[in-house]
Amino acid sequence: SKQLMVLNRMSRLLNTTVKMSIFRCFIQSHFRYCELVWHFCSCGYAKKIERVQYRALRFVYNDFESTYEILLAKSDMTTLYNSRCKHILIEIYKSLHGLNPIYIQDMFKLKTTKYNLRKTSLVKSHIRTQTHGRNSIRHEGTVLWSCLSNTAQNAVDLNDFKSQLEEVTIDNLLQCKCKLCSYVL
């Protein structure tokens, strides 16, 4: 928030492209650092972080009437929740293709069946509690992976997979009503 206030004070002196690059370098980098670790924090903290990004975008564009969605579209960005979910999907893809360390690869295993199915699915983990089961990268990653399209799951390489993910919005992908999916700013 302190860096955000500095950006606000300097907003009269700088044009929009310079403010956007300052925002991406000094403010957004804090949101992107270790996002998989704090993805499962409480919903209240996630909302606070989204509000800080919303305030930053208002300062960058000097637009205090537009909604968060309009400002995100104007800046060609997604919500932080959407970004974190896409990062989880990238880690799953890397694990399935041997690009991650062994201890991460062991979290995600393909389900083996005797049938030739069109869609690949992951082995679901046994959920014991809300904290250690449902709110884990293993469980949420499995749910997210099962919602992906067949072409995205069978991408040729990592760059192709990332380009497939650019077209996906996690909010439209998930239809469940858990605390993370029913996330509202």
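This write-up is about the structure you can find in this document. (Residues numbered from 1 in each chain as written. Predicted model: local features only at pLDDT ≥ 70, side-chain atom pairs only at ≥ 80, totals over all residues. Heavy atoms only, no water.)

With that settled, consider the overall build of the protein. Secondary structure assignment for the protein yields 11 helices and zero strands. Of all 185 residues assigned to the protein, the portion counted as buried reaches 39%. Of all intrachain contacts in the protein linking residues separated by at least 6 positions in sequence, the fraction that spans at least 24 positions is 64%. A total of about 11300 Å² of accessible surface is found on the protein, and carbon and sulfur atoms cover 56% of it. (Helix = DSSP H or I, 4+ residues; strand = E, 2+ residues; numbered from the N terminus. Buried < 20%, exposed > 50% of the residue type's maximum accessible area, 1.4 Å probe, protein only. Contact = heavy atoms within 4.5 Å. Areas by Shrake-Rupley, 256 points an atom, 1.4 Å probe, with all protein chains shown as cover.)

As enumerated under the stated definition, the model contains four aromatic pairs in all. Here a set of aromatic residues connected by ring pairs shows up, and it is made of Tyr93, Trp145 and Phe161. The ring centre of tyrosine 54 lies 4.8 Å from the NZ or CZ of arginine 58, which sits over that ring. Directly above the ring of tyrosine 61 sits lysine 74, whose terminal nitrogen or CZ lies 5.1 Å from the centroid. (Phe/Tyr/Trp six-rings, centres within 6.5 Å; stacked < 30°, edge-to-face > 60°. Lys NZ or Arg CZ within 6 Å of the ring centre and 35° of its normal.)

Okay, the pattern of salt bridges next. Side chains carrying opposite charge are able to pair once their charged atoms draw close together. Evaluated as defined, the whole model comprises three salt bridges. A salt bridge links lysine 94 to glutamate 91, with the shortest nitrogen-to-oxygen separation between them at 3.4 Å. Note that lysine 94 and glutamate 91 are positioned in helix α5 (residues 80-96) at a spacing of three residues, about one turn of the helix. By relative accessible area, glutamate 91 is classed as buried at 12%. Where aspartate 106 meets lysine 109, a salt bridge forms, and the shortest distance between an N and an O atom there is 3.6 Å. Assessed through its relative accessible area of 44%, aspartate 106 is described here as partly exposed. (Salt bridge = Lys/Arg side-chain N within 4 Å of Asp/Glu carboxyl O.)

Our next topic: the environment of arginine 9. Structurally, arginine 9 can be placed in helix α1 (residues 2-10). Residue classification places arginine 9 among the exposed positions, given a relative accessible area of 57%.

Let's shift gears to the nonpolar core. By size, the foremost hydrophobic cluster in this structure holds 21 residues, and its most contacted members are Leu4, Leu7, Phe23, Ile27, Phe31 and Leu57. Considering every element that reaches this core, the biggest residue donor is helix α3 (residues 43-61), with seven residues. (Core = buried A, V, L, I, M, F, W, Y, C linked by side-chain atoms within 4.5 Å.)

Okay, the state of the cysteines next. The final tally for this structure, using the stated rule, is zero disulfides. This cysteine, cysteine 41, is not joined by any disulfide, and cysteine 43 carries the nearest cysteine sulfur, 8.4 Å off. (Disulfide = S-S within 2.5 Å.)

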